[in-house]
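Chain by chain, the residues:
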Amino acid sequence: MPERSPEQRRSSFDEVAFGYSADEALAEANRCLQCPNPTCQQGCPVNIDIREFIGAIIEGDLTRGVSVLKERNALPAVCGRVCPQEEQCEASCVLAKKGEPVAIGRLERFLGDTDLACELDHRCVPEVAAPSGMRCAVVGSGPAGLACAGELAKLGHGVTIFESLHAPGGVLTYGIPEFRLPKAIVAAEIEMLSSVGVEIVTDTVVGQLTTVPELLGEEGFDAVFVGSGAGLPVFMGIPGENFNGVFSANEFLTRVNLMRAYEFPSKADTPVARGRKVAVIGGGNVAMDAARTALRLGAEEVFLVYRRTQDEMPARKEEVHHAKEEGVEFKMLCSPAEIVGRDGFVTGIVANRMELSEPDESGRRAPVCVLGADFSIECDTVIIAVGTRPNPLLKAAAPGIELSRRGYVLTDEEGATNLPGVFSGGDIVTGSATVILAMGAGKTSARAMDRWLRERATS
Amino acid sequence: MFRIVHKRQLSEAVFEMGVEAPKIAAKARAGQFLMVRTDENGERIPLTFSDWSAEQGWIRFIFMRVGKTTHALSHLEVGDMLADVVGPLGVPTHTEGAGRVAIVGGGVGVAVAYPVARAMCEAGGEVTVIVGARNSELLILEKELRALPLRELVICTDDGSAGRKGLVTAPLKELCSSGELDAAFAVGPAIMMKFAAATTREFDVPTTVSLNPIMVDGTGMCGACRVTVGGETKFGCVEGPDFDGHAVDFEELMSRQRIYSDIEREADAEYSRGCQCHL
């Protein structure tokens, strides 16, 4: 798929990858063997009928292609961009064994974009069942909540999503940068959900303004899905972490993505630190997003500091590749021990050199400190992207909900919690994961909620 | 959208504003705060509740004109709309079993001290309020405070233009040394809270401070509001804003409050140049 050159990208928040043209999509679709037993579908967490939608592209019936996709996935233009396809559908493609798999993700994006290019009333709208007369509340408008809401609406239920921020989308809006997932795409996909009757109420913090028992009580909802996301950023607990210039990736990305701080001060009022030398700590997609964002804000040097090697990095290969191309310098096997500063502001990181131990029983090689191998990195900004933990507001939102020792919601396989009529899914159940896994959990929960509602109605 | 239903200028740079927000009004408790965004391009800023009416469905907050956002906010009038008002946020101030308590408010912090004092009175506390300001012009909510069943209201000004001349720590120290204090609550500029806490520490009087760190989302997500309390990192928005004043690292708080001061001054200067009609 054609992309902007790294030089162009470094100073622009425009999307990196151009989509396929119709000809390119057809050529790629024609590479598909249309296997009688399509293994790609098994690799998809939401079980999209991949052979069928690619078949529709081959036949030139894009409308059918879109509707096949949307049977299983409410947000194809989003998933076509941010799913780790190389580990999912594309890894299971028969062609992957011999060479390049079919670019399933890019074809998904092509169909998603084709649909979004239409006027709203010409887009593929999923079939909606007859109204059930029942109402469901969804807490959080991120991937889990949106997928759950879309599915519940399709099943005929009234759905209201409650979002704490002023804009819906959750991590799709505040977390993933414009250059990887344009906000217009997120907005258009959400508009689609509104067109099937999903109501979105912003500025509402469940746990403060209202609670799950109140939603089920005086507010008259019949069931609730909690998809509030993982929440609080984790810090490392090393000295100097609260120096000015040290940010969580969540703060940095929220300022830039949700509040559009890259347009400060002319078009947006929220500032962001524009570091000259920026160190990003972590090795996941969030770390990669933060590093590439820092470059675009004008940093001269951006270091990615990770305690294992590039092979162990959880980030998508494509994003690692993009980051390197754009000039992010990787400092591997390097674990920060202290953040140093002067007059309250950060001036650098002192780190330990690490090496990987022999694989343990699980096959994982733990990083161990090489004694006497400290080194320092000079920087004026540090962005910490080492994960998240559950938000303590959860306990106020759903008193009595059963939580794991680490504070995540405990559910059965279909998302049912210990509270009757209360379901949950996404990062608040699994800890940080991917957009598509959260969407899968939202959908699974929606079906279980539907069953629960109908059983209760007949009993 | 939230309609502005009340506006009052309390001093040269301090304003009180009220908006229609029945759901928030029904849930508001003393010591909590709001996140407000004026318009589509606006910043999310934390502001403190000064008053609310669950019956009439409005809430009020007080702000000082310091940067671009508060500048823009001060130009809005009754009938105008705010894009977003989120709340109530934060853990309400603990008021049960208040006992003999001193509530210290400095500057705009009086906006928090007033509802906290009211709640403590309602909870049966024996409440002394000490408020401080640079001069009599900058004193806010005096009438409202006088209407409360306080044990005493002590006013301090730097220049002696109202009440006692001097800092709030002097009457606080007198109260502490009289041995008639079970607890203290302080809210205002970080430096004032630091010295209030230092005063009560000598007498072992448990002291709660209401902190005002920089925030972005106000729901725990971003970690901008982190403060060190007793050596641990706490999130001001979801674990506060109230913390043990004797355990807070005030130097760090004050340093972190200055992160954006330079760029914000520039933005405000640019904004002010663009709207000289209002100045």
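Residues numbered from 1 in each chain as written. Chains lettered and ligands numbered in written order. Predicted model: local features only at pLDDT ≥ 70, side-chain atom pairs only at ≥ 80, totals over all residues. Heavy atoms only, no water.

1. Observations regarding the interface of chain B and chain A
Part 1 of the argument: With 44 residues of chain B in contact, the opposing surface of chain A contributes 42 residues.
Part 2 of the argument: The largest contributions to the chain B side of the interface with chain A come from M221, R226 and Y260 of chain B, which together make up 19% of the buried area.
Part 3 of the argument: In this assembly, chain B and chain A are joined by 3 salt bridges.
Part 4 of the argument: For the side of chain B that touches chain A, the secondary structure elements donating two or more residues are α1 (22–27), α2 (68–74), β7 (84–89), β14 (226–229), β15 (232–235), α8 (250–257) and α9 (261–274) of chain B.
Part 5 of the argument: Looking at the side of chain B that touches chain A element by element, the count peaks at 6 residues for β7 of chain B. (Contact = heavy atoms within 4.5 Å. Buried area = accessible area lost by both parts, 1.4 Å probe. Salt bridge = Lys/Arg side-chain N within 4 Å of Asp/Glu carboxyl O. Helix = DSSP H or I, 4+ residues; strand = E, 2+ residues; numbered from the N terminus.)

2. A word on the nonpolar core
Side chains of nonpolar character tend, in soluble globular proteins, to be buried together.
Part 1 of the argument: With 65 residues, the main nonpolar core has I50, F53, I54, L107 and L172 of chain A as its most contacted residues.
Part 2 of the argument: For this core, the leading source of residues is helix α18 (residues 435–458) of chain A, giving 8 residues.
Part 3 of the argument: In this structure L172 of chain A touches L75, V78, P143, L146, L181, K183, V186 and V435 of chain A, once residues within four positions along its chain are discounted.
Part 4 of the argument: Membership of the second largest hydrophobic core comes to 56 residues, among which are L209 of chain A together with I59, V116 and V129 of chain B. (Core = buried A, V, L, I, M, F, W, Y, C linked by side-chain atoms within 4.5 Å. Buried < 20%, exposed > 50% of the residue type's maximum accessible area, 1.4 Å probe, protein only.)

3. A short note on the state of the cysteines
Residues and elements named next belong to chain A.
Part 1 of the argument: The final tally for this structure, using the stated rule, is 0 disulfides over all chains.
Part 2 of the argument: Summary of cysteine pairing: C35 is not part of a disulfide, and the nearest cysteine sulfur, belonging to C32, is at 6.3 Å.
Part 3 of the argument: Free cysteine C379: the closest other cysteine sulfur is in C334, separated by 11 Å. (Disulfide = S-S within 2.5 Å.)

4. Regarding α8 of chain B
Part 1 of the argument: Of all the 8 residues making up α8 of chain B, 6 are buried; the element is thus mostly covered by neighbouring parts of the structure.
Part 2 of the argument: Restricting attention to buried positions, one finds in α8 of chain B the residues F250, E252, L253, M254, S255 and R256 of chain B.
Part 3 of the argument: Residues of α8 of chain B that are buried sit in contact with β6 (246–248) of chain A together with α6 (190–201), β13 (207–210) and β14 of chain B.
Part 4 of the argument: A distance of 3.3 Å separates the backbone nitrogen of E251 of chain B from a side-chain oxygen at the start of α8 of chain B, and that oxygen is part of D249 of chain B. (Polar contact = N/O pair within 3.5 Å; in protein donor to acceptor, adjacent residues only side chain to side chain.)

5. Topic: the pattern of salt bridges
Residue and element names in this part refer to chain A.
Part 1 of the argument: For the structure shown, the criterion picks out 48 salt bridges over all chains.
Part 2 of the argument: The closest approach of N and O atoms between K277 and E301, which form a salt bridge, is 3.4 Å. Linking K277 in strand β7 (residues 277–281) with E301 in strand β8 (residues 301–305), this pair joins segments that are 24 residues apart in sequence.
Part 3 of the argument: For E301, a relative accessible area of 29% gives the class partly exposed.
Part 4 of the argument: Between E326 and R296 there is a salt bridge; the shortest N-O distance is 2.8 Å.

6. Some thoughts on the sheet that holds strand β8 (residues 100–106) of chain B
Sheet strands pair by backbone hydrogen bonding; their relative direction is either parallel or antiparallel.
Residue and element names in this part refer to chain B.
Part 1 of the argument: In spatial order, the strands read β11-β10-β9-β8-β12-β13-β16; together these 7 strands make up an open sheet with mixed pairing. Of all the strands in the sheet, just β11 (164–165) and β16 (242–244) have a single pairing partner and so form its edges.
Part 2 of the argument: Pairing analysis gives 6 bridges linking strand β9 (residues 126–133) to strand β10 (residues 152–157), with the strands arranged parallel. Among the inter-strand pairings, A133 is bridged to a residue of β10, identified as T157.
Part 3 of the argument: The sheet strands contacting α6 are β8, β12 (183–187) and β13, and the helix crosses β12 at an angle near 165°. (Pairing = 2+ DSSP bridges. Axes fitted to C-alpha atoms, helices over the stretch in contact; angles between N-to-C directions.)

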